[in-house]
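Here is how the chains run, residue by residue.
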Amino acid sequence: MYVIAYISAIEDINALSAVTDTGISASCCNSDARSTIDPVTSPRAKPATITVDDTHSVSGLTLIPPSARACYVLAHGAGAGMTHPFMEAIAAGLGKAGIATLRFQFPYMEAGGRRPDPPALCHATVRAAVTEATRVSNGLPLIAGGRSFGGRMSSQAQAKSPLPGVLGLAFLGFPLHPAKQPAHERAQHLFEVKTPLLFLQGDRDELADLSLLQALVGRLGPRATLKLIPNANHSYKVPARAGRSEAQIMGELVQTLDDWIRTVIASYEAPP
């Protein structure tokens, strides 16, 4: 199990009101605004500027450890940007495991807005981030995806036209439906994605009814992997009685990502 830590300490972050995929305020989506994970000394992520189109550019953060074997293009959730403690912790943990990361902002977050951009602009931003990741990582194998809304925008972009160099998609809490509105329409595009898919999901996720999610993964077939975090909600929070710390859960997320990425790379490197 990896010890998770922040790349840069964010010691006093106010609770964030998250935004659902429809742009309506909802605290359930990214309620993990404060973290108890201990900061440590580690290389700071390097800033990047990502040009999306003639009128939009966004900020990014890259962390590329020595001898990195892959790079995860990591999109943020709807209500909190790339410097949210969860994003910091995942990037730091993956860096320790030898996985590079490129985090990036969507344009609305870059501008300080709360309502997500139209899907087409989000897709273009994901595509631009993938291009930047290829450049800064010197052609490492790429994994795309990310937190909630960001993961879904990444998969939609992949479904419309394969993202160059992306070998798989990893979802940190796939938002299958709005809270208390079980449905599966938001996942239909996944059947157009041909790469491996990893769903890292709390089994109490209010944005992904467990029975619907399990049925979806079954229909997607062998390319889809579901890893459930017991007792966790959409923010990977568990009740105190579960007896598991935030650091332990984050370590499990990173370990699962690391193992799955190794498998994906090996499958592509195996001789025909």
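For the structure itself, look to the data block above.
Residues numbered from 1 in each chain as written. Predicted model: local features only at pLDDT ≥ 70, side-chain atom pairs only at ≥ 80, totals over all residues. Heavy atoms only, no water.

J.: I keep staring at helix α1 (residues 85-96) and nothing clicks. Help me out?
T.: Because the α-helix completes a turn every 3.6 residues, residues three or four places apart line up on one side. Here α1 spans 16 Å end to end across twelve residues, near enough to the 16 Å set by a 1.5 Å rise per residue. Taken together, the buried positions of α1 are occupied by Pro-85, Phe-86, Met-87, Glu-88, Ala-89, Ile-90, Ala-91, Ala-92, Gly-93, Leu-94 and Gly-95. Against the buried residues of α1 lie β2 (57-63), β3 (70-75), β4 (99-104), β5 (142-147), β6 (166-172) and α6 (246-269). Note on α1: the residue one or two positions beyond its end, Gly-98, has a positive phi of about 90°. (Helix = DSSP H or I, 4+ residues; strand = E, 2+ residues; numbered from the N terminus. Expected span 1.5 Å × (residues − 1). Buried < 20%, exposed > 50% of the residue type's maximum accessible area, 1.4 Å probe, protein only. Contact = heavy atoms within 4.5 Å.)

J.: Any chance you could explain the pattern of salt bridges here in plain terms?
T.: Where side chains of opposite charge bring their charged atoms close, a pairing between them can arise. Counting across every chain of the model gives six salt bridges. Between Asp-258 and Arg-69 there is a salt bridge, and its shortest N-O distance comes to 2.1 Å. With Asp-258 in helix α6 and Arg-69 in the loop between β2 and β3, the pair connects residues that are 189 residues apart, well separated along the chain. When its relative accessible area of 1% is taken as the criterion, Asp-258 is described as buried. When the shortest N-O distance is used, the salt bridge between Arg-244 and Glu-252 registers 2.3 Å. Residue Glu-252 is classed as buried on the basis of its relative accessible area of 11%. Salt bridges here are not isolated pairs; linked through shared partners, they connect Arg-69, Asp-258 and Arg-262. (Salt bridge = Lys/Arg side-chain N within 4 Å of Asp/Glu carboxyl O.)

J.: I would appreciate a short explanation of the packing of helix α3 (residues 119-136) against helix α4 (residues 149-160) in the present structure.
T.: Packed helix pairs are specified by the crossing angle of their axes together with the interaxial distance, meaning the distance between the axes. Where α3 meets α4, the axes come as close as 9 Å, and the angle between the chain directions of the two elements is 85°. One finds that α3 runs roughly perpendicular with respect to α4. Where α3 abuts α4, its residues Pro-119, Cys-122, His-123, Val-126 and Arg-127 lie against Phe-149, Met-153, Ser-154, Gln-156, Ala-157 and Lys-160. Looking at the contact of α3 with α4, its residues break down into six nonpolar, three polar and two charged. (Axes fitted to C-alpha atoms, helices over the stretch in contact; angles between N-to-C directions. Parallel < 35°, antiparallel > 145°, perpendicular 65-115°, else oblique. Nonpolar A, V, L, I, M, F, W, Y, C, P; charged D, E, K, R; others polar.)

J.: Quick question: what am I supposed to make of the sheet that holds β2 here?
T.: Sheet strands pair by backbone hydrogen bonding; their relative direction is either parallel or antiparallel. In spatial order, the strands read β1-β2-β4-β3-β5-β6-β7-β8; together these eight strands make up an open sheet with mixed pairing. The sheet is open, and its two edges are formed by β1 (46-51) and β8 (224-229), each paired on a single side. Sheet twist, expressed as the average angle between the axes of neighbouring strands with direction ignored, equals 20°. Bridge analysis of strand β7 (residues 197-202) against β8 gives six bridges, and the strand direction is parallel. Bridge pairing in β8 links Gly-202 to Ile-229. Strands in contact with α1 are β2, β3, β4, β5 and β6; relative to β4, the strand with the most contacts, it is inclined by about 155°. Against the sheet, α4 makes contact with β3, β5 and β6, and its axis sits at roughly 140° relative to β5, the strand it touches most. (Pairing = 2+ DSSP bridges.)

J.: I keep staring at the side chain of Thr-256 and nothing clicks. Help me out?
T.: As for its placement among the helices and strands, Thr-256 is situated in helix α6. Its relative accessible area of 15% is what places Thr-256 among the buried residues. Looking at Thr-256, its side chain comes within polar contact range of the main-chain oxygen of Glu-252, at 2.8 Å. Beyond its immediate chain neighbours, meaning those up to four positions away, Thr-256 contacts Leu-198, Leu-200 and Lys-227. (Polar contact = N/O pair within 3.5 Å; in protein donor to acceptor, adjacent residues only side chain to side chain.)

J.: Could you clarify how one ought to interpret the packing of aromatic side chains in this entry?
T.: By convention here, two paired aromatic rings are described through the distance between centres and the angle between planes. Per the counting criterion, the structure on display carries seven aromatic pairs. Between Phe-86 and Tyr-236, the aromatic rings sit 5.6 Å apart at their centres with planes inclined by 10°, giving stacked as the arrangement. Here Phe-86, found in helix α1, pairs with Tyr-236, found in the loop between β8 and α6; they are 150 residues apart in sequence, far enough to count as distant. Tyr-236 shares its class with Phe-86; the two are buried. Ring plane angle 85° and centroid distance 6.4 Å describe the contact between Tyr-108 and Phe-149, whose orientation is recorded as edge-to-face. Taken as a pair, Tyr-108 in helix α2 (residues 107-110) and Phe-149 in helix α4 lie far apart in primary sequence, 41 residues in all. (Phe/Tyr/Trp six-rings, centres within 6.5 Å; stacked < 30°, edge-to-face > 60°.)

J.: Looking at this structure, how should I read the environment of Phe-174?
T.: Within the secondary structure, Phe-174 is located in the loop between β6 and β7. Among the residues examined, Phe-174 registers a relative accessible area of 0% and is labelled buried. Residues Phe-174 and Arg-147, 27 residues apart in the sequence, show an inter-C-alpha distance of 7.4 Å. Beyond its immediate sequence surroundings of up to four residues, Phe-174 is in contact with Arg-152, Ser-155, Arg-186, Ala-187, His-189, Leu-190, Phe-199, Gln-201, Asp-205, Leu-207 and Ala-208.

J.: Could you clarify how one ought to interpret the packing of α1 against α6 in this entry?
T.: Contact pair α1 / α6: the axes reach a minimum separation of 10 Å and the direction vectors enclose 50°. In terms of axis orientation, α1 runs oblique to α6. Where α1 crosses over α6, the handedness of that crossing is right-handed. The residues of α6 that touch α1, namely those facing Phe-86, Ala-89, Ile-90, Gly-93 and Leu-94, are Met-250, Leu-253, Val-254 and Leu-257. Residues that form the contact of α1 with α6 fall into these classes: eight nonpolar, one polar and no charged. (Left-handed = near helix turned anticlockwise from the far one by under 90°.)

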